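Read off the chains here:
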Amino acid sequence: MITTSIFPGRYVQGAGALDLLGEEAARLGKAPLALIDRAIASLVSPRLEAITTLAIARETFGGECCDPEIARLQAIAEAKGSDLIIGIGGGKALDTAKALAHALRVPVIIVPTLASTDAPCSALSVIYTPEGAFQRYLFLPQNPQVVLVDSALIAAAPARFLVAGMGDALSTWFEAEDARVKGAGNMTGRPGGATAHALARLCYDTLLEYGEQALRACERQVVTPALERIIEANTLLSGLGFESGGLSAAHAIHNGLTRLHGTHGFWHGEKVAIGTQALTILGGRPPALVEEVYGFCAAVGLPTTLAGIGLAAVTDAELLEVATAACAEGETIHNAPYPVSPAAVVAALKAGDAIGRAL
């Protein structure tokens, strides 16, 4: 059997790592364009202006990773002659930067200012509609050339973002294990190797060991070894684990949940956590493991009920809409080594909600 695993070209992490951006950018281009999240523009722009090795043009991200935004930015980059894209911000800004670099056929440097998703390291952009509903996956031919993570920036962000990242990372081992048992392909279309599955398991173990400590550090906006471990788990281990290990039901259920407007105010990882909880039930995981998952989520503040992602009054018809979308042809839920159907997904969501309510 041929297996394939893919990785970013370089991963840099630590407090103050943003000061190395000029050095990293100079290796890859001469006319970089930085796409910056509006929320952190005032914080990072002075740091970019202080870079003396090369001038970095700046553009503000419009807020949604969608085709119109990518087209808008492509026109700007082409007019400037940009030969390198730098994405700075949260998951959607980074996915947009990767898609933009792909359209321009230039390298990309990814600078996450949140540890809220596993998007930074991947050769994948999740494209949404302008209204925020999942539209499609854009598979890219190459991972980012550089992923640069300034832990001090992560610590300065509200702790909810770190927690959401733990919710995204929580799915990694479960989905990779589903794909391994099924023999399903990862993001390359081929099964992942033993390295990818070992990293997925390390991701899960790191969350359980360091998650609560890291949350307390982030709440106080300080960088500690525990926080560094969780930043790495959320960003690198989860990214490598999902991309080279494979996806399954948790992310498919997340995609279905985006169909309901009530979920749009909640973060990707918060919805993925609900998907992971449903996966453990749908896949018949041992009760002790299900309890471990729910206990971890409760300890770090991840949602454990549908009300926790804005669906307190959800109807059976709406849950069926979610489940039908999750089971659509081509969705990753079909990588699962157990029977799946819209009815089974609805049952798992309702049973999971009941477990969460009993905590």
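Source: prediction; values computed, not measured.

Trainee: Looking at this structure, how should I read the overall build of the protein?
Mentor: When you go through the protein residue by residue, the secondary structure sums to 13 helices and 8 strands. Computed over its C-alpha atoms, the radius of gyration of the protein comes to 19 Å, within 12% of the 21 Å expected for a compact globule of 359 residues. Looking at the 359 residues of the protein, the share that counts as buried comes to 60%. A separation threshold of at least 6 residues defines the contact pool for the protein, and within that pool the share at least 24 residues apart is 78%. Surface summary for the protein: the accessible area is close to 13,600 Å², and the carbon and sulfur share equals 55%.

Trainee: Help me out: how do you make sense of the nonpolar core in this one?
Mentor: As a rule of thumb, nonpolar side chains are buried together in soluble globular proteins. Core analysis: the largest hydrophobic core is formed by 81 residues, its most contacted members being Ile85, Leu162 and Leu349. With 10 residues, the single largest contributor to this core is helix H7 (residues 194–219). Judged by nonpolar contacts, the second largest core, of 22 residues, contains Leu18, Ile40, Ile86 and Leu153.

Trainee: Quick question: what am I supposed to make of the sheet that holds strand S4 (residues 84–89) here?
Mentor: Hydrogen bonds along the backbone pair up the strands of a sheet, which may run parallel or antiparallel. Overall, parallel pairing links the 6 strands, which are arranged S1-S8-S5-S4-S2-S3 in an open sheet. A single partner strand is all that each edge strand has here, and the edge strands are strand S1 (11–14) and strand S3 (57–60). Recorded for the sheet is a direction-independent mean angle of 15° between the axes of neighbouring strands. The pairing of strand S2 (residues 32–36) with S3 spans 4 bridges and is classified as parallel. Looking across to S3, one finds that Leu35 is bridged to Glu59.

Trainee: I keep staring at H7 and nothing clicks. Help me out?
Mentor: Given 3.6 residues to a turn, an α-helix orients residues that are three or four positions apart in the same direction. Between its first and last C-alpha atoms H7 spans 36 Å; for 26 residues at 1.5 Å apiece the expected length is 38 Å, and the two agree. Residue Gln221 follows H7 closely and has a positive phi angle near 55°.

Trainee: Help me understand the packing of aromatic side chains, please; the structure alone is not making it clear to me.
Mentor: Using the criterion set out here, one finds 7 aromatic pairs in the structure. For the pair Phe134 and Tyr137, a centre-to-centre distance of 5.1 Å together with 65° between the ring planes defines the contact as edge-to-face. Counting every residue linked through ring pairs, the aromatic cluster contains Tyr128, Phe134, Tyr137 and Phe139. A cation sits over an aromatic face here: Lys92 above Tyr128, 4.1 Å from the ring centre.

Trainee: What exactly am I supposed to notice about the pattern of salt bridges here?
Mentor: When charged atoms on two side chains of opposite charge get close, those side chains can pair. Enumeration over the complete set of coordinates arrives at 18 salt bridges. Residue Glu64 is joined to Lys92 by a salt bridge in which the shortest nitrogen-to-oxygen separation is 2.9 Å. Taken together, the residues Glu64 in the loop between S3 and helix H3 (67–80) and Lys92 in helix H4 (residues 91–104) connect sequence positions 28 residues apart. Within the structure, one salt-bridge network assembled from shared partners comprises Arg10, Glu24 and Arg27.

Trainee: Just checking my understanding: could you explain the environment of Cys65 for this structure?
Mentor: Tracing the chain through its elements places Cys65 in the loop between S3 and H3. Judged by relative accessible area, which is 0%, Cys65 ranks as buried. Sequence spacing of Cys65 and Leu84 is 19 residues, and the spatial spacing of their C-alpha atoms is 19 Å.

Trainee: Just to check I follow, could you spell out the pairing of S2 for this structure?
Mentor: Along a regular strand, successive side chains alternate from one face of the sheet to the other. Counting buried positions along S2 gives 5 out of 5 residues, so the element sits mostly inside the fold. Residues Pro32, Ala34 and Ile36 of S2 are buried on one face, and the alternating residues Leu33 and Leu35, pointing to the opposite face, are buried as well. Where S2 meets S4, 5 bridges bridge the pair, whose relative direction is parallel. In the strand pairing of S4, Ile36 is matched with Ile88. With helix H2 (residues 41–49) bridging S2 and the parallel S3, this β-α-β connection has right-handed handedness.

Trainee: Is there a simple way to explain the packing of helix H12 (residues 316–326) against helix H13 (residues 342–358) in this structure?
Mentor: When two helices pack together, their arrangement is given by the angle between the helix axes and the distance between those axes. One way to put it is that H12 packs onto H13 with a least axis distance of 8 Å and a crossing angle of 120°. When the axis of H12 is compared with that of H13, the two are oblique. At the point where H12 passes H13, the crossing takes the right-handed sense. Of the residues in H13, those in contact with Asp316, Leu319, Leu320, Val322, Ala323 and Thr324 of H12 are Pro342, Val345, Val346, Leu349 and Lys350. Classifying every residue of the contact of H12 with H13 gives 8 nonpolar, 1 polar and 2 charged.

Trainee: Explanation requested: H4 in the structure shown.
Mentor: Relative to the 20 Å expected for 14 residues at 1.5 Å per residue, H4 spans 20 Å between its end C-alpha atoms, a close match to the ideal helical length. Most of H4 sits out of view: 11 of its 14 residues are buried. Turning to H4, its buried residues number three or more, namely Gly91, Ala93, Leu94, Asp95, Thr96, Ala97, Lys98, Ala99, Leu100, Ala101 and Leu104. Looking one or two places after H4, you find Arg105, whose phi comes out positive at around 60°.

Rules behind the numbers
Residues numbered from 1 in each chain as written. Predicted model: local features only at pLDDT ≥ 70, side-chain atom pairs only at ≥ 80, totals over all residues. Heavy atoms only, no water. Helix = DSSP H or I, 4+ residues; strand = E, 2+ residues; numbered from the N terminus. Rg over C-alpha atoms; globule rule 2.2 N^0.38 Å. Buried < 20%, exposed > 50% of the residue type's maximum accessible area, 1.4 Å probe, protein only. Contact = heavy atoms within 4.5 Å. Areas by Shrake-Rupley, 256 points an atom, 1.4 Å probe, with all protein chains shown as cover. Core = buried A, V, L, I, M, F, W, Y, C linked by side-chain atoms within 4.5 Å. Pairing = 2+ DSSP bridges. Axes fitted to C-alpha atoms, helices over the stretch in contact; angles between N-to-C directions. Expected span 1.5 Å × (residues − 1). Phe/Tyr/Trp six-rings, centres within 6.5 Å; stacked < 30°, edge-to-face > 60°. Lys NZ or Arg CZ within 6 Å of the ring centre and 35° of its normal. Salt bridge = Lys/Arg side-chain N within 4 Å of Asp/Glu carboxyl O. Right-handed = clockwise from strand over helix to strand, strands pointing away. Parallel < 35°, antiparallel > 145°, perpendicular 65-115°, else oblique. Left-handed = near helix turned anticlockwise from the far one by under 90°. Nonpolar A, V, L, I, M, F, W, Y, C, P; charged D, E, K, R; others polar.

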